[in-house]
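These are the residues of each chain, in order.
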Amino acid sequence: MITRKVRKWEKLPGKNTFCCDGRVMMARQKGVFYLTLFLIIGTCSLFFAFECPYLAVHLSPAIPVFAILLFFFVMAMLLRTSFSDPGVLPRALPEEATFIEMEIEAANGNVPAGQRPPPRIRNVQINNQIVKLKYCYTCKIFRPPRASHCSICDNCVDRFDHHCPWVGNCVGKRNYRYFYLFTLSLSLLTIYIFTFNIVHVVMREFHCLTVLEVLVCFFTLWSVVGLTGFHTYLISLNQTTNEDIKGSWSGKNRVQNPYSHKNIIKNCCEVLCGPIYPSVLDRRGLMQEDSPVSATSAAPSSSSISNPVPQTMKTTAALIPNEHTPEDAKPSVAASAEKSPSPKDGDPPAPKVPPLASPETDVETSIVKDKTH
Amino acid sequence: PRSFHNLQELRHSASLANKVFIQRDYSEGTTCKFQTKFPSELESRIERTLFEDTVKTLNSYYAEAEKIGGQSYLEGCLACATAYLIFLCMETRYEKVLKKIAKYIQEQNEKIYAPRGLLITDPIERGMRVIEISIYEDRGSSGSSSGSSSVSGSTAR
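The name given to chain B in an unreviewed UniProt entry is Golgin A7 family member B, and the organism recorded there is Mastacembelus armatus. The annotation that UniProt attaches to chain B under Subcellular location (unreviewed entry) is "Golgi apparatus membrane". Recorded in UniProt for chain B, the comment headed Sequence similarities (unreviewed entry) runs: "Belongs to the ERF4 family."

You'll find chain A entered in an unreviewed UniProt entry as Palmitoyltransferase, with Mastacembelus armatus given as the organism. Looking at chain A in UniProt, the text filed under Sequence similarities (unreviewed entry) is "Belongs to the DHHC palmitoyltransferase family. ERF2/ZDHHC9 subfamily." In its Catalytic activity (unreviewed entry) section, UniProt records this for chain A: "L-cysteinyl-[protein] + hexadecanoyl-CoA = S-hexadecanoyl-L-cysteinyl-[protein] + CoA".

**Q** Please clarify how the overall build of chain B should be interpreted in this entry.
**A** Tallying secondary structure elements over chain B gives four helices and three strands in all. Traced from its N-terminal end to its C-terminal end, chain B shows the element sequence α-β-α-α-α-β-β. When the 157 residues of chain B are sorted by exposure, 49% land in the buried category. Restricting to contacts in chain B with at least 6 residues of sequence separation, those with at least 24 account for 60%. Accessible surface, chain B as shown: approximately 7,700 Å² in total, 52% of it carbon and sulfur.

**Q** Is there a simple way to explain the layout of surface pockets in this structure?
**A** Empty space among the atoms becomes visible once a probe the size of a water molecule is rolled across them. All names here are of chain A. Computed from the structure, the second largest pocket encloses a volume of approximately 800 Å³. The wall of the second largest pocket is formed by 29 residues, among which K132, K134, N242, K246 and S248 lie closest to the centre. Mapped by element, the contributors of at least two residues to the lining of the second largest pocket are β6 (129-136), β8 (148-150), β10 (162-164) and α6 (241-246). By residue number, the principal contributor to the lining of the second largest pocket is β6, which donates six residues.

**Q** Explanation requested: the sheet that holds strand β2 (residues 118-121) of chain B in the structure shown.
**A** Either a parallel or an antiparallel arrangement is found when strands of a sheet pair, and the pairing is made through backbone hydrogen bonds. Residue and element names in this part refer to chain B. On the basis of which strands lie adjacent, the open sheet formed by three strands has the order β1-β3-β2 and antiparallel pairing. Taken across any chain shown, the strands that pair with only one partner, and hence form the sheet edges, are β1 (14-22) and β2. Adjacent strand axes in the sheet meet at a mean angle of 25 degrees, parallel and antiparallel pairs treated alike. Bridge analysis of β1 against strand β3 (residues 131-138) gives eight bridges, and the strand direction is antiparallel. By the bridge assignment for β3, L16 is matched with Y136.

**Q** How should I be thinking about the nonpolar core in this particular structure?
**A** Where a protein is soluble and globular, its nonpolar side chains tend to be buried together. In terms of nonpolar packing, the biggest core is built from 48 residues, with A:I40, A:F47, A:M77, A:L78, A:Y176, A:F182 and B:Y84 touching the most fellow members. Listed by contribution, the elements that provide at least two residues to this core are β3 (24-27), α1 (31-58), α2 (62-83), α4 (176-203) and α5 (208-237) of chain A. Broken down by element, this core gets its largest block of residues, twelve residues, from α4(A). Not counting the four nearest positions on each side in its chain, A:F47 is found in contact with A:C52, A:L55, A:A67, A:I193, A:F196, A:N197 and A:E213. Counting 29 residues, the second largest nonpolar core, distinct from the first, contains A:V280, B:I101, B:I105 and B:L118.

**Q** Can you walk me through the pattern of salt bridges in this structure?
**A** Side chains that differ in sign of charge can pair as their charged atoms come close. Within the structure shown, the criterion is met by 19 salt bridges over all chains. As a salt-bridge pair, A:R7 and A:D21 come within 3.0 Å of each other at their nearest N and O atoms. Pair noted here: A:R7 is in strand β1 (residues 2-7) and A:D21 is in the loop between β2 (16-19) and β3, with a separation of 14 residues, a long-range link. Given a relative accessible area of 33%, A:D21 falls into the partly exposed group. We note a salt bridge from B:K33 to B:D25, for which the minimum N-O separation is 3.5 Å.

**Q** Looking at this model, I keep getting lost on the packing of aromatic side chains. Mind explaining?
**A** For any two aromatic rings, the description comes down to two numbers: the centre-to-centre distance and the angle of the planes. Scanning the entire structure with this criterion turns up 20 aromatic pairs over all chains. Aromatic side chains B:Y61 and B:Y104 sit 5.6 Å apart centroid to centroid with 55 degrees between the ring planes, which places their arrangement in the tilted category. With a gap of 43 residues between them, B:Y61 in helix α2 (residues 48-65) and B:Y104 in helix α4 (residues 93-113) connect regions that are remote in the sequence. The pair B:Y61 / B:Y104 is uniform in exposure class, with both members buried. Following the ring pairs from residue to residue traces out a cluster consisting of A:F47, A:F48, A:F71 and A:F72. Sitting over the face of the ring of A:Y176, A:R159 holds its NZ or CZ atom 5.3 Å from the ring centroid.

Calculation notes
Residues numbered from 1 in each chain as written. Chains lettered and ligands numbered in written order. Predicted model: local features only at pLDDT ≥ 70, side-chain atom pairs only at ≥ 80, totals over all residues. Heavy atoms only, no water. UniProt positions renumbered as here; feature names shortened; annotations may be inferred. Helix = DSSP H or I, 4+ residues; strand = E, 2+ residues; numbered from the N terminus. Buried < 20%, exposed > 50% of the residue type's maximum accessible area, 1.4 Å probe, protein only. Contact = heavy atoms within 4.5 Å. Areas by Shrake-Rupley, 256 points an atom, 1.4 Å probe, with all protein chains shown as cover. 1 Å grid on protein atoms, 1.4 Å probe; cavity = no way out; pocket = protein on both sides within 12 Å on 5 of 7 lines; lining within 4 Å. Points joined across faces, edges and corners; volume = space filled by probe spheres on them. Pairing = 2+ DSSP bridges. Axes fitted to C-alpha atoms, helices over the stretch in contact; angles between N-to-C directions. Core = buried A, V, L, I, M, F, W, Y, C linked by side-chain atoms within 4.5 Å. Salt bridge = Lys/Arg side-chain N within 4 Å of Asp/Glu carboxyl O. Phe/Tyr/Trp six-rings, centres within 6.5 Å; stacked < 30°, edge-to-face > 60°. Lys NZ or Arg CZ within 6 Å of the ring centre and 35° of its normal.

Shown next as structure tokens:
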């Protein structure tokens, strides 16, 4: 057995890509994000190169200065949104998953053979409103209120808003304010460039590139300003895009948003000026990885992202001794792995039988069998 | 179970018997708060009041970190004005409180929980979802119901 130290991000399940040794976290598909970068940097470069010299001389030097500041702010917000952890909830370790299983089984009682077990839902009361917490079969947890599982990134995200391909990341609790400030500042920047291009056109013969900038700004304006308006509306009601789409608080069945302070100012303050939540992922922490030397082992040495077991079997939690964890986790993992294998998807509505229905079960079974040799 | 003198001894001479997970209390919303309900598995191991004190203190730390008021507005506006670059060199208020929490848990473990054969895991290591409390049994004790297959021939210290 070769034991080596790896950073925890290398063993994180889910479909994220990591850069700069775990400092940067994004979704897998980044094509549209590069397009966003290209459009913003490209248009602004044209503006600085062709419009600003004229405007600075004939109108005011403050114009390009303000444009530069605004441009840097837009880029900072974009990169913050794209590169940060949106609020991913780590998956349950085997002991926690088993504990939850036992609680579910105790709550359900004996299900007669042939009948579907009831759906895994936990009811909690929040501000005198009953909220249903759903069980996530991929992450093996009951999702906290407002959390949702992103199928593109394959993670549960806290206060999940939506997955935005333009920024190449999910938008959730930790990066929602950066996302909002990005759309807001981009709206301002687009309006700014659009306005001064028109001014330039009016003041003298226009460059053909000016026309290009005007076109880009025109089309961007409608989408980005609209999006900013939509999110301003959501923030004032303290709702997420996800809840809005699902109609969670649309008012039917007397259901109201329990998270809203019923006051626009308070809602805005909470979302935009609330505490800055830390990431619970610990991407850059170190952990031990044991890779078997033999070539017949299933998958561990390939360190693919969908291989969560080495991390779950060997955590370096400061207060729990490592040497005991595998021995005691093994009976529970092996017992759970022996139950019938899983349907594929992470979130089936009403599963037929298996309590542990997740794609990882088969991987875990093979790894556990390797370790017992 | 005999009493352990410190964390080191706990690690070397005890084996993990069970784990209890204290769940989140969502009755006041999504702010971080844990249930103070005393789990039955701990009944024979620790006094109810000590356990409740620990959880209540942790809850108050989290409430302090997540408080929305003058200080958080100031922090938010200042950070926004610097395009959040200020956090490259400064710690957020939440991170400062998390450090306090880590110290508190360490201290609680050393003074109260380890001598009773228990260990608390910092919730941040479990995604702030649960407080994991590990229950240890003395490795050499005959009445132990631990799931470990280790047969210990070690003599009592």
